[in-house]
Amino acid sequence: MNMFIFLLPLICIFLIGLIVISVTNNFSRQSLLNKLGFAYGIGVGCVTVQMMFYSFLHIGWNPFSILLPWFLLGVVTFIKKSKMQLQIILPSAKIDFLLLAGIICSSFFVLFEALIRPLSAWDGWSHWFLHGKAFYILGYIDPQYLISVNNAYPPLMNLLITFSYIVTGGIHEQAAIFLYAWFYVALLLIVGYMVSKQL
């Protein structure tokens, strides 16, 4: 599988999160690493809520309809903030370097596990991926489907997996697993940020 297919949904999620952070002026004085930790969760939340609204409004899911509003919002934001700066702040204290090293090691472990394990080894296989495929094939959230399978989980992970399939243009399970593994990386970045603030 092409490495670009692995990275495309992830890049879209991070960019959408960074656009929302930029529009709301949150974390304006934080480093890019801190923003990335929050951008992943914000991007996932925005995309899944957008897909739910599209489903309710009977708007078709395709890369163009999902990504175009975010692209336009990003262009408008970039034009309004013509002095956008990439701020990379390296930690100065030894404890910050230790936290950063721990985050990097943990992240590599989680991402390595995501790439080597088959789909059947993941606990969310029966729910997240099955529903994600169903939503992808149907092109919307069918309430009858959710009732018949007795799904007690919220559709966030299902829609994230569906988003991955839509952006990559087909069912690429390893790309979806890779995207899912970034939840851990983003959480580690946020925890590292919060701990470094306390020290």
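All values reported here derive from a predicted model rather than from experimental measurement. (Residues numbered from 1 in each chain as written. Predicted model: local features only at pLDDT ≥ 70, side-chain atom pairs only at ≥ 80, totals over all residues. Heavy atoms only, no water.)

**Considerations on the overall build of the protein**
The following threshold applies: Helix and strand definitions follow DSSP, with helices as H or I runs of at least four residues and strands as E runs of at least two, each counted in order from the N terminus. Every residue pair with non-hydrogen atoms within 4.5 Å of one another is taken to be in contact. Surface accessibility in these figures is a Shrake-Rupley result with a 1.4 Å probe; residues are shielded only by whichever protein chains are displayed.
Helix and strand content of the protein: eight helices and zero strands. Going from N to C terminus, the protein has its helices and strands arranged as α-α-α-α-α-α-α-α. Counting only contacts in the protein whose residues sit at least 6 apart along the sequence, the fraction spanning at least 24 positions is 75%. For the protein, the accessible surface area stands at approximately 11400 Å², while carbon and sulfur atoms represent 71% of it.

**Here we look at the packing of helix 2 (residues 32–56) against helix 3 (residues 63–80)**
Filter applied, for reference: All axes here are fitted lines through C-alpha atoms, helices being fitted over the stretch that makes contact, and every angle between N-to-C directions spans 0 to 180 degrees. Oblique is the label for any angle not covered by the other classes, which are roughly parallel (under 35 degrees), roughly antiparallel (over 145) and roughly perpendicular (65 to 115). Take the far helix as the reference: if the near one is turned anticlockwise from it by less than a right angle, the crossing is left-handed, and if turned clockwise, right-handed.
In contact at an axis separation of 11 Å, helix 2 and helix 3 are set at 125° when each is read in the N-to-C sense. Classified by the angle their axes make, helix 2 and helix 3 are oblique. Pair helix 2 / helix 3 crosses with right-handed handedness. Counted together, Cys-46, Gln-50, Met-51 and Tyr-54 of helix 2 and Ser-65, Ile-66, Pro-69 and Trp-70 of helix 3 form the full contact between these two elements.

**Focus: helix 3**
What counts, and what does not: A helix is expected to span 1.5 Å multiplied by its residue count minus one. To sort residues, take the accessible area from a 1.4 Å probe on protein chains only and compare it with the maximum for the residue type: under 20% means buried, over 50% means exposed, and anything in between is partly exposed.
Taking 1.5 Å per residue, 18 residues should reach 26 Å; helix 3 reaches 25 Å between its end C-alpha atoms and fits that length. Along helix 3, the residues that are buried comprise Ser-65, Ile-66, Trp-70, Gly-74 and Thr-77.

**Brief notes about the environment of Leu-156**
In this structure, Leu-156 sits in helix 7 (residues 156–168). Considering only alpha carbons, one finds Leu-156 and Thr-48, 108 residues apart in sequence, at a separation of 6.0 Å. Each residue touching Leu-156, except ones within four places of it in the same chain, is listed here: Val-44, Thr-48 and Phe-183.

**Concerning the environment of Val-76**
Positionally, Val-76 belongs in helix 3. By relative accessible area, which is 45% here, Val-76 ends up partly exposed.

**With respect to the nonpolar core**
Heads up, the condition is: Residues belong to a common nonpolar core when they are buried Ala, Val, Leu, Ile, Met, Phe, Trp, Tyr or Cys residues joined through side-chain atoms within 4.5 Å.
Counting 44 residues, the largest nonpolar core has Ile-13, Tyr-40, Met-51, Trp-61 and Phe-163 as its most contacted members. Of all elements in the fold, only helix 1 (3–24), helix 2, helix 3, helix 5 (125–138), helix 7 and helix 8 (173–198) reach the threshold of two or more residues within this core. Per-element accounting of this core gives the leading share, 10 residues, to helix 8. Those residues in contact with Trp-61, other than ones at most four positions away along the chain, are Met-51, Tyr-54, Ser-55, Ile-66, Phe-135, Gly-139, Tyr-140, Ile-141, Leu-159, Thr-162 and Ile-166.

**Section: helix 7**
If you check helix 7, its first and last C-alpha atoms are 18 Å apart, about what 13 residues at 1.5 Å a residue would give, namely 18 Å. Counting buried residues along helix 7, 12 of its 13 residues qualify, which places the element largely inside the surrounding structure. Gly-169 lies just past helix 7 and shows a positive phi near 85°.

**Digging into the packing of aromatic side chains**
The line we're drawing: Between 30 and 60 degrees the pair is tilted, below 30 it is stacked and above 60 it is edge-to-face, where a pair is any two Phe, Tyr or Trp rings, Trp via its six-membered ring, whose centres lie within 6.5 Å.
Overall, the coordinates contain two aromatic pairs when judged by the stated rule. Note on Phe-14 and Tyr-40: the rings are 5.5 Å apart at their centroids and 50° apart in plane angle, and the pair reads as tilted. One end of the pair, Phe-14, is in helix 1; the other, Tyr-40, is in helix 2, with 26 residues separating them in the sequence. On the accessibility criterion, Phe-14 (13% relative accessible area) is buried. Its relative accessible area of 0% is what places Tyr-40 among the buried residues. Between Tyr-136 and Tyr-165 the ring centres are 5.7 Å apart and the planes differ by 75°, which places this aromatic pair in the edge-to-face class. With Tyr-136 in helix 5 and Tyr-165 in helix 7, the pair connects residues that are 29 residues apart, well separated along the chain. Of the residues examined, Tyr-136 reaches a relative accessible area of 25% and is grouped as partly exposed. Here Tyr-165 falls in the buried class, since its relative accessible area comes to 0%.

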